[in-house]
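Structure at a glance
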Amino acid sequence: MNIGIIGTGHMGGTLGGLWAQKGNKVFFGSRDVRKAAGLIRVIGENIAVGSYAEAVKFGDVILLATPWWATKEALESAGSLHGKILIDCTNPLKKDYSGLTTTPELSGGEEVAQWAPGAKVVKAFNSISFAILKSPNFGQQNAGMFYCGDDAEAKSIVAGLARELGLDPVDCGPLKTAGMLEWLCLLWLQLAFKQDLPNSAFKLLRR
Ligand SMILES: NC(=O)c1ccc[n+]([C@@H]2O[C@H](COP(=O)([O-])OP(=O)(O)OC[C@H]3O[C@@H](n4cnc5c(N)ncnc54)[C@H](OP(=O)(O)O)[C@@H]3O)[C@@H](O)[C@H]2O)c1
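Report on the accompanying structure. Predicted model, so just to flag it, every value in this text is computed and none were measured.

Further remarks concern the overall build of the chain. Looking only at helices and strands, one finds nine helices and 10 strands in the chain. In terms of overall dimensions, the chain is globule-like: its C-alpha atoms have a radius of gyration of 16 Å, near the 17 Å expected for 207 residues. Expressed along its principal axes, the backbone C-alpha trace of the chain runs to roughly 40 × 40 × 35 Å. Here the chain holds 207 residues, and the buried ones make up 45% of them. Taking as baseline every contact in the chain between residues at least 6 positions apart, the subset at least 24 positions apart corresponds to 66%.

This part covers the site of the ligand. Around the ligand, 23 residues are found, and the nearest of them are Gly-7, Gly-9, Ser-30, Ala-70 and Thr-90. Within the residue set of the shell around the ligand, elements represented by two or more residues are helix H1 (10-21) and helix H5 (68-78). For the shell around the ligand, a count of residues per class yields 10 nonpolar, 11 polar and two charged.

Now for the nonpolar core. Grouped together as the largest cluster of nonpolar side chains are 57 residues, with contacts concentrated most on Ile-62, Leu-63 and Ile-87. With five residues, H1 is the single largest residue contributor to this core. Those residues in contact with Leu-63 that sit more than four places away from it in its chain are Ile-3, Ile-5, Ile-6, Gly-12, Leu-15, Ile-87 and Cys-89.

Strand pairing within a sheet occurs via backbone hydrogen bonds; the two strands may be parallel or antiparallel. Taken together, eight strands build an open sheet; the order of strands is E3-E2-E1-E4-E5-E6-E9-E10 and the sheet is mixed. Only two strands of the sheet have a single neighbouring strand rather than two, namely strand E3 (47-50) and strand E10 (168-171). The average angle at which neighbouring strand axes cross in this sheet is 25°, direction not considered. The strands that H1 touches are strand E1 (2-6), strand E2 (25-29), E3 and strand E4 (61-64); relative to E2, the one it contacts most, it runs at about 160°.

The subject of this paragraph is helix H9 (residues 178-193). In this model H9 runs 23 Å from its N-terminal to its C-terminal C-alpha over 16 residues, within 8% of the 22 Å that 1.5 Å per residue would give. Every buried residue of H9 is accounted for by Ala-178, Gly-179, Leu-181, Glu-182, Cys-185 and Trp-188. Residues of H9 that are buried in the fold lie against helix H6 (108-115), strand E6 (120-123) and strand E9 (144-149).

Okay, the environment of Leu-64 next. Position of Leu-64 relative to the elements: it lies in strand E4. Leu-64 gets classed as buried once you count the C-beta atoms within 10 Å, which come to 30. Once the C-alpha coordinates of Leu-64 and Gly-7 are considered, the two residues, 57 residues apart in sequence, prove to be 7.0 Å apart. The contacts of Leu-64, once residues within four sequence positions are left out, are Ile-6, Thr-71, Leu-86, Ile-87, Asp-88, Cys-89, Thr-90 and Val-112.

Positive phi values are uncommon outside glycine, yet Asn-46 reaches one of about 70°. Assignment of secondary structure puts Asn-46 in the loop between helix H3 (38-43) and E3. For Tyr-97, which is not a glycine, the phi torsion comes out positive at approximately 65°. Following the sequence through the fold, Tyr-97 ends up in the loop between strand E5 (85-88) and H6.

Now for H6. For H6, the tally of buried residues reaches six of eight residues, placing the bulk of the element in the interior. Within H6 the residues assigned to the buried category are Gly-108, Gly-109, Glu-110, Glu-111, Val-112 and Ala-113. Elements in contact with the buried residues of H6: E4, H5, E5, E6 and H9.

Moving on: the pairing of E6. Of the two faces of E6, the one carrying Lys-120 and Val-122 and the one carrying Val-121 and Lys-123 are both buried. As judged from the four bridges shared by E5 and E6, these two strands associate in the parallel manner. By the bridge assignment for E6, Asp-88 is matched with Lys-123. Viewed along the sheet, the connection from E5 through H6 into E6 turns out right-handed. Bridge count between E6 and E9: two bridges; the pairing is antiparallel. Residue Val-122 lies in a different strand from E9, and its bridge partner there is Gly-149.

Cut-offs used in this document
Residues numbered from 1 in each chain as written. Predicted model: local features only at pLDDT ≥ 70, side-chain atom pairs only at ≥ 80, totals over all residues. Helix = DSSP H or I, 4+ residues; strand = E, 2+ residues; numbered from the N terminus. Rg over C-alpha atoms; globule rule 2.2 N^0.38 Å. Buried ≥ 20, exposed ≤ 12 C-beta atoms within 10 Å, placed from the backbone. Contact = placed C-beta atoms within 7 Å. Near = placed C-beta within 6 Å. Nonpolar A, V, L, I, M, F, W, Y, C, P; charged D, E, K, R; others polar. Core = buried A, V, L, I, M, F, W, Y, C linked by C-beta atoms within 7 Å. Pairing = 2+ DSSP bridges. Axes fitted to C-alpha atoms, helices over the stretch in contact; angles between N-to-C directions. Expected span 1.5 Å × (residues − 1). Right-handed = clockwise from strand over helix to strand, strands pointing away.

Structure follows, in structure tokens:
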């Protein structure tokens with residue numbers, strides 16, 4: 001799969017690197033191509049670097065991995081995402097992590113869909129930490145990856161990309177569920193930083 005990444009921080013760098021190791025072709029889009037070029041030395045094969053717009057042109061699947069406050073501007077500089085699968089792992093967090101900047105009527109994921117007309121937005125990977133992505137197994141269990149979106153084929157492709165990394169994908173329904181997944185991120189931050197559980201992840205039990 002050809003994957004474009006918007007933002008080469010913790011999430012973009014980690015997911016892009018892991019997908020490249022699995023044999024996908026990954027194009028890291030960055031505001032600073034010289035800084036991003038360092039990823040080539042670290043990750044090695046299957047990757048290229050350039051601008052956000054170049055990453056979007058390259059990818060069938062695009063990962064949006066920017067701080068919330070920079071997300072609209074990043075999408076504006078990335079060009080048209082029409083027809084692309086857009087994985088939105090962002091969280092519309094308040095700067096002090098005390099809550100979300102969004103309202104119950106319009107989640108971050110739905111705002112992203114408005115900012116990227118024609119993109120098949122899948123809210124995913126937003127409630128799991130980048131550190132757990134590198135090591136998703138807890139004994140016999142693997143971490144869950146909760147996602148939602150309105151396009152069934154796009155969701156199935158994103159679920160496959162999660163399985164490639166050893167995660168257990170959980171379809172949470174349409175994109176209007178995105179707000180719940182954004183609150184799930186806040187719950188994880190509470191557990192990680194207030195309850196001293198940084199090495200933790202959510203898992204759905206089913207029967
Ligand atoms: N960290 C986690 O464990 C985690 C887990 C789940 C979800 N998330 C969400 O994923 C998103 C990215 O998180 P992250 O931890 O990867 O953040 P990060 O390490 O700060 O990286 C964000 C990247 O976004 C790009 N960017 C574009 N405009 C920016 C600006 N004005 N200021 C700073 N960076 C800018 C930068 O990449 P370039 O310089 O290459 O352009 C930067 O490296 C956030 O919305 C976060 O809530 C994070």
